[in-house]
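# Structure assessment
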Amino acid sequence: QVQLVESGGGLVQAGGSLRLSCAASGSGLSINAMGWYRQGPGKQRELVARITSSGTTKYADSVKGRFIISRDNAKNTVYLQMNSLKPDDTAVYFCNLRSLVYSEYWGQGTQVTVSS
């Protein structure tokens with residue numbers, strides 16, 4: 001089984017920064033891509049950022065220039081550096097892993113709250 005362990009969520013003021021981490025583990029682990037999704041109250045889940053095994057990144061338009069996704073392949077860990085946070089960024093952030101055979105795995109989610 002693949003396990004995703006998230007950390008780094010919390011409460012910050014607008015304009016502040018936060019870094020989320022997601023560590024993947026499990027037998028036969030293979031990674032095509034890892035990324036972050038978020039879901040705010042009354043909203044659908046949306047892709048925030050994704051990074052492939054080759055290093056290609058993709059960002060939601062709403063976070064471009066503010067968020068940076070990175071990875072540590074040796075640790076099977078993906079990070080999301082969130083800068084210039086806004087109240088609209090308040091959401092539960094979910095780590096996602098896509099395997100080489102395109103199976104999808106999800107973390108339990110970590111709450112990010114940005115106060116004004």
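In the block above lies the structure referred to throughout.
Residues numbered from 1 in each chain as written. Predicted model: local features only at pLDDT ≥ 70, side-chain atom pairs only at ≥ 80, totals over all residues. Heavy atoms only, no water.

## Overview of the overall build of the protein
Cut-off, in case you're wondering: Helix and strand assignments come from DSSP, with helices taken as H or I runs of at least 4 residues and strands as E runs of at least 2, each series counted from the N terminus. For a compact globule the rule gives 2.2 Å times the number of residues to the power 0.38, and the radius of gyration it is set against comes from C-alpha atoms. The classification of residues rests on relative accessible area computed with a 1.4 Å probe and restricted to protein chains. Under 20% of the type maximum is buried, over 50% is exposed, and intermediate values are partly exposed. Contacts are assigned to residue pairs that have any heavy atoms within 4.5 Å of one another. For the charge count, each Lys or Arg is scored as positive and each Asp or Glu as negative, with His and the chain ends excluded. Working definition for charges: the position is that of NZ of Lys, CZ of Arg, CG of Asp or CD of Glu.
From N to C terminus, the protein includes zero helices and 11 strands. Ordered by position in the sequence, the α and β elements of the protein form the string β-β-β-β-β-β-β-β-β-β-β. By the compact-globule yardstick of 13 Å for 116 residues, the protein fits well, its C-alpha radius of gyration being 14 Å. With the principal axes as the frame, the protein shows a C-alpha extent of 45 × 25 × 25 Å. Taken across its 116 residues, the protein has 40% of its residues classed as buried. For the protein, contacts bridging at least 24 residues in sequence account for 52% of all contacts bridging at least 6. The protein carries 12 positive and 7 negative side-chain charges, and their two centres are separated by 3 Å.

## Concerning the side chain of E6
Rules: Criterion for a salt bridge: a side-chain nitrogen of Lys or Arg within 4 Å of a carboxyl oxygen of Asp or Glu. Identification of polar contacts relies on pairs of N or O atoms within 3.5 Å, with a donor-acceptor requirement for protein atoms, meaning one able to donate a hydrogen and the other able to accept it, and with residues adjacent in sequence counted only if both atoms are side-chain atoms.
Within the fold, E6 resides in strand 1 (residues 3–7). Despite its burial, E6 remains without a salt bridge, the nearest opposite charge being carried by R45 at 8.3 Å. At 2.5 Å, the side chain of E6 forms a polar contact with the backbone nitrogen of C95. Within polar-contact distance, the side chain of E6 engages the backbone nitrogen of Q108 at 3.3 Å. Not counting chain neighbours up to four residues away, the residues in contact with E6 comprise S21, C22, W36, Y93, F94, C95, G107, Q108, G109 and T110.

## Observations concerning the nonpolar core
Quick reminder of the rule: Working definition of a nonpolar core: buried Ala, Val, Leu, Ile, Met, Phe, Trp, Tyr and Cys residues. They are joined through side-chain atoms within 4.5 Å.
Formed by 26 residues in total, the largest nonpolar core has its most connected members in W36, L80, M82 and Y93. Of all elements in the fold, only strand 3 (18–25), strand 4 (33–39), strand 5 (46–52), strand 7 (67–72), strand 8 (77–82), strand 9 (91–98) and strand 11 (110–115) reach the threshold of two or more residues within this core.

## Focus on the environment of V78
As for its position among the elements, V78 is in strand 8. By relative accessible area, V78 is classed as buried at 0%. It is 8.6 Å that separates the C-alpha atoms of V78 and C95, two residues lying 17 residues apart in sequence. Sequence-distant contacts of V78, defined by excluding residues within four places in its chain, comprise L20, S21, C22, M34, W36, I51, I69, S70, R71 and C95.

## Description of the state of the cysteines
The condition that has to hold: Put simply, a disulfide is two cysteine sulfurs that come within 2.5 Å.
One pass over the full model with this rule turns up one disulfide. There is a disulfide in this structure between C22 and C95, and the S-S distance comes to 2.0 Å. Here C22 and C95 share a disulfide; its torsion about the S-S bond, -85°, makes the bridge left-handed. On the criterion of sequence distance, the pair formed by C22 in strand 3 and C95 in strand 9 is long-range, its members being 73 residues apart.

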